[in-house]
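Structural overview for review
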Amino acid sequence: MSMSEFKLRKENKNIILVGFMGTGKSSVGKRLAKILGWSFIDTDVEIERLTGLSVTEIFRRHGETRFRSEERLLVRRLKERVNCVIATGGGTVLNPLNWEELAQSGVMVTLYAPLDVIYERIGYRNDRPLLRGDREEIEERWEKRQPIYRQADLIIDTTDMGIDEVVQEIICEIKGGVSDERAEN
Ligand code: S3P
């Protein structure tokens, strides 16, 4: 798909996926990038590669502040990219500078899901330090982040959607319709 095929409100150099943990940013991003023939970057994975530590290890050994500065450094580099689908960590865009720079570099797409659905999807996993702990605290974090996620150019409620449906929805919204050939991919 060439860039000229995109029907866009703003210059569409990249697609940036934001939203709370467990909303499907990485799975959707990977598939979306494949269909578009773009590259894919998952900020958590990139930070793990750069530091040689898992996200959990970074939090455990160095704390959240260190993780957030790794995110900040990465975003500063990512904003130069084009034709890239970027799946951010749930907290990446809490830093207004990160939001601003990413929003300048492409279309911001929020994947939304209510907390119950998020627990159903990833509640059993232990690779998210900020999803551990008591439910009230997590609920508070979820609530607090919603106004930030709502600033996106496009918001998709993923509650009853599979990964492919979300991918197609993004393509439809951004491109203004998807051909049969693409839909079959
Ligand atoms: C975080 C989300 C995680 C990861 C880290 C912190 C957050 O990414 O960056 O555990 O603050 O919401 P996912 O959203 O990909 O789970």
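Further up the page is the structure itself.
Parameters and conventions
Residues numbered from 1 in each chain as written. Predicted model: local features only at pLDDT ≥ 70, side-chain atom pairs only at ≥ 80, totals over all residues. Heavy atoms only, no water. Near = heavy atom within 4 Å. Polar contact = N/O pair within 3.5 Å; in protein donor to acceptor, adjacent residues only side chain to side chain. Areas by Shrake-Rupley, 256 points an atom, 1.4 Å probe, with all protein chains shown as cover. Nonpolar A, V, L, I, M, F, W, Y, C, P; charged D, E, K, R; others polar. Helix = DSSP H or I, 4+ residues; strand = E, 2+ residues; numbered from the N terminus. Buried < 20%, exposed > 50% of the residue type's maximum accessible area, 1.4 Å probe, protein only. Expected span 1.5 Å × (residues − 1). Arc of directions from axis to C-beta.

**Overview of the site of the ligand**
Around the ligand, the structure places 13 residues, and the nearest of them are K25, D44, R68, R128 and R145. G90 places a polar main-chain atom, nitrogen or oxygen, 2.8 Å from an oxygen atom of the ligand. R128 has a polar side-chain atom sitting 2.6 Å from an oxygen atom of the ligand. In isolation the ligand exposes 380 Å². Once the protein is present, 97% of that is buried. Taken together, the residues of the shell around the ligand sort by class into five nonpolar, three polar and five charged.

**What about the environment of G37?**
If you trace the backbone, G37 turns up in the loop between α1 (25-36) and β2 (39-42). A relative accessible area of 64% means that G37 is categorised as exposed. Distance in space between the C-alpha atoms of G37 and C84 is 9.1 Å, their sequence separation being 47 residues.

**Quick word on α1**
Each α-helix turn comprises 3.6 residues. Residues three or four places apart therefore point the same way. Relative to the 16 Å expected for 12 residues at 1.5 Å per residue, α1 spans 16 Å between its end C-alpha atoms, a close match to the ideal helical length. When α1 is considered as a whole, its buried residues turn out to be K25, V28, G29, L32, A33, I35 and L36. In an axial view of α1, the angular spread of the buried residues amounts to 160 degrees, which keeps them on one side of the axis. When the buried face of α1 is taken as reference, the exposed residues oriented beyond 90 degrees from it are K30 and K34. Following α1 by one or two positions, G37 has its phi on the positive side, about 75 degrees.

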